[in-house]
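Next come the chains, spelled out residue by residue.
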Amino acid sequence: MISKMKGVFIALVLIFLYGPILILTAYSFTSATNIGAIQGFSMHNYVTLFTTPELRDMIIGTVILALGASAIATVLGTLGAIGAFYSKKRTNILISTVNQIPVINADVVTGFSICILLVVVLGIDKDTFVPLVAGQVTLLAPFVYLSVIPKLKQMDPSIYEAALDLGATPRTALWKIVFPQIASGVFSGFSLAVTLSLDDYFIATYTKPATFDTISTYVVNATKGAQTEIKTALWALSAVIFLIVVLIVVTANIRPGRRKEAV
């Protein structure tokens with residue numbers, strides 16, 4: 001009885017998680033203009049998605065922003081994690097506590113605060129993209145930190161000290177000894193940062209230039225008054241993003257298994 005209940009519960013969870021996405025994906029391959037009336041098979045939404053300059057520029061801009069901000073956040077988050085790990089206990093606790101604040105804090109508060117600090121107080125023009133990138137990095141770096149710290153804790157701390165005793169410089173020991181041990185955590189942090197950047201709405205809303213839209217801000221605005229052709233093309237965009245995420249997750253889970261088999 002209990003095993004059957006577990007199966008039903010898991011099935012319900014999977015349906016609620018993936019059912020809407022699969023329905024949206026199915027409709028993206030039709031000529032329907034609304035969810036509910038299934039019409040014939042069509043690739044029109046995908047053609048519109050990749051041929052409309054407005055949509056194409058929005059996607060390219062969002063991807064460039066996500067990759068750039070994630071790269072900066074990965075560097076800062078990784079260095080912060082390494083610095084905290086090799087610091088004294090009180091300093092480590094202080095850094096970890098401070099790092100949790102942006103994670104727990106509401107995105108709308110973070111975005112509004114960064115906008116006030118950079119635009120109002122420091123007078124930085126939003127059209128320079130500096131507030132937007134700064135807001136993204138502020139959002140992403142703490143998650144990179146949380147991805148790297150567990151890998152550092154799994155590593156033997158004496159390896160770094162042994163490398164220094166054998167004549168390696170701190171930079172060489174860090175790059176050739178520590179980094180290979182935490183590389184998987186750094187990659188996971190970068191991947192998570194890219195996903196969070198693509199998904200961010202509130203911080204981007206407060207910090208982005210008026211003429212620039214990310215995928216999230218564009219989708220929200222499109223639901224208010226865009227043409228039907230644009231709205232249905234966004235179904236195709238959702239399907240493409242979901243497929244890319246699935247491929248990344250599958251690839252990330254297959255690689256460790258193959259490494260274990262090789263060993």
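Everything discussed here concerns the structure shown above.
Residues numbered from 1 in each chain as written. Predicted model: local features only at pLDDT ≥ 70, side-chain atom pairs only at ≥ 80, totals over all residues. Heavy atoms only, no water.

Student: Hey, could you run me through the overall build of the protein in this one?
Tutor: When helices and strands are counted, the protein shows 11 helices and zero strands. When the helices and strands of the protein are placed in sequence order, the string is α-α-α-α-α-α-α-α-α-α-α. When the backbone C-alpha atoms are referred to their principal axes, the protein occupies close to 70 × 60 × 35 Å. For the protein, the residues scored as buried account for 31% of the 263 residues in total. A sequence separation of at least 24 residues applies to 70% of the contacts in the protein between residues at least 6 apart. Working note: accessible area of the protein is about 16100 Å², and carbon and sulfur atoms make up 69% of it. Here the protein holds 18 positive side-chain charges and 13 negative ones, and the gap between their average locations is 11 Å. (Helix = DSSP H or I, 4+ residues; strand = E, 2+ residues; numbered from the N terminus. Buried < 20%, exposed > 50% of the residue type's maximum accessible area, 1.4 Å probe, protein only. Contact = heavy atoms within 4.5 Å. Areas by Shrake-Rupley, 256 points an atom, 1.4 Å probe, with all protein chains shown as cover. Lys, Arg positive; Asp, Glu negative; His and termini not counted. Charge placed at Lys NZ, Arg CZ, Asp CG, Glu CD.)

Student: When you look at the side chain of threonine 30 in this model, what are you seeing that I'm missing?
Tutor: Along the chain, the position of threonine 30 falls in the loop between α1 (2-28) and α2 (44-51). At 2.8 Å, the side chain of threonine 30 and the backbone oxygen of tyrosine 27 are in polar contact. Residues contacting threonine 30, with those up to four places away along its chain left out, are Gln39, Gly40, Phe41, Ser42 and Asn45. (Polar contact = N/O pair within 3.5 Å; in protein donor to acceptor, adjacent residues only side chain to side chain.)

Student: Help me understand the pattern of salt bridges in this model?
Tutor: All told, the structure shown has one salt bridge when counted by the stated rule. Salt-bridge contacts for lysine 208 lead to aspartate 213; the nearest nitrogen and oxygen are separated by 3.5 Å. Since its relative accessible area comes to 23%, aspartate 213 is described here as partly exposed. (Salt bridge = Lys/Arg side-chain N within 4 Å of Asp/Glu carboxyl O.)

Student: Is there a simple way to think about the nonpolar core in this case?
Tutor: Side chains of a nonpolar character, in soluble globular proteins, are inclined to be buried together. Counting residues in each nonpolar core, the largest one holds 24 residues, and the members touching the most others are Ala81, Leu140, Val148, Leu152, Val178 and Ile182. Those elements that place two or more of their residues in this core are α3 (53-85), α6 (130-154), α7 (158-165) and α8 (170-199). Counting residues per element, this core draws most heavily on α6, at nine residues. Setting aside its immediate chain neighbours within four residues, leucine 152 contacts Ala81, Ile82, Phe85, Val178 and Ile182. One finds Tyr218, Ile230, Ala236 and Leu237 within the second-largest nonpolar core, a separate group that totals 14 residues. (Core = buried A, V, L, I, M, F, W, Y, C linked by side-chain atoms within 4.5 Å.)

Student: Sorry if this is basic, but what is going on with the environment of serine 31 here?
Tutor: Summarising the element assignment, serine 31 is placed in the loop between α1 and α2. Sequence separation between serine 31 and histidine 44 is 13 residues; the distance between their C-alpha atoms is 7.0 Å. Not counting residues within four places of it along the chain, the set of residues in contact with serine 31 comprises Gln39, Gly40 and Ser42.

Student: Quick question: what am I supposed to make of unusual backbone geometry here?
Tutor: What you tend to see is this: most non-glycine residues have negative phi, and most peptide bonds are trans. A positive phi angle, near 70°, is found at phenylalanine 129, a position not held by glycine. Note that phenylalanine 129 resides in the loop between α5 (107-121) and α6.

Student: Could you clarify how one ought to interpret the environment of isoleucine 241 in this entry?
Tutor: Summarising the element assignment, isoleucine 241 is placed in helix α11 (residues 228-262). As a C-alpha pair, isoleucine 241 and phenylalanine 143 span 98 residues in sequence and 21 Å in three-dimensional space.

Student: Before we go on, may I ask you to explain the environment of threonine 195 in this structure?
Tutor: Within the secondary structure layout, threonine 195 lies in helix α8. Among the residues examined, threonine 195 registers a relative accessible area of 43% and is labelled partly exposed. Separated by 55 residues in the primary sequence, threonine 195 and leucine 140 place their C-alpha atoms 9.6 Å from one another.

Student: Can you help me understand the packing of α2 against α3 in this one?
Tutor: Two quantities define a packed helix pair, namely the angle between the helix axes and the distance between the axes. At a minimum axis distance of 5 Å, the contact between α2 and α3 shows a crossing angle of 70°. Taken together, the axis directions place α2 and α3 in an arrangement best described as roughly perpendicular. The residues of α3 that touch α2, namely those facing Thr48, Leu49, Phe50 and Thr51, are Pro53, Leu55, Arg56 and Ile59. Per-class residue counts for the contact of α2 with α3 are five nonpolar, two polar and one charged. (Axes fitted to C-alpha atoms, helices over the stretch in contact; angles between N-to-C directions. Parallel < 35°, antiparallel > 145°, perpendicular 65-115°, else oblique. Nonpolar A, V, L, I, M, F, W, Y, C, P; charged D, E, K, R; others polar.)

Student: Honestly, α2 in this entry has me stumped. Any pointers?
Tutor: An α-helical turn contains 3.6 residues, so any two residues separated by three or four positions project in the same direction. If you check which residues of α2 are buried, you get Asn45, Tyr46, Thr48 and Leu49. Along the long axis of α2, the arc covered by the buried residues comes to 160°, so they all point the same way. (Arc of directions from axis to C-beta.)

Student: Any chance you could explain a nonpolar patch on the surface here in plain terms?
Tutor: Residues Phe9, Ile10, Val13, Leu14, Leu17, Tyr18 and Leu22 make up a contiguous nonpolar surface patch of about 690 Å² in total accessible area. With respect to the helices and strands, the residue leucine 17 is situated in helix α1. Residue classification places leucine 17 among the exposed residues on the basis of a relative accessible area of 52%. (Patch = residues over 30% accessible without salt bridge, like charges linked within 9 Å, V, L, I, M, F, W, Y side chains within 5 Å.)

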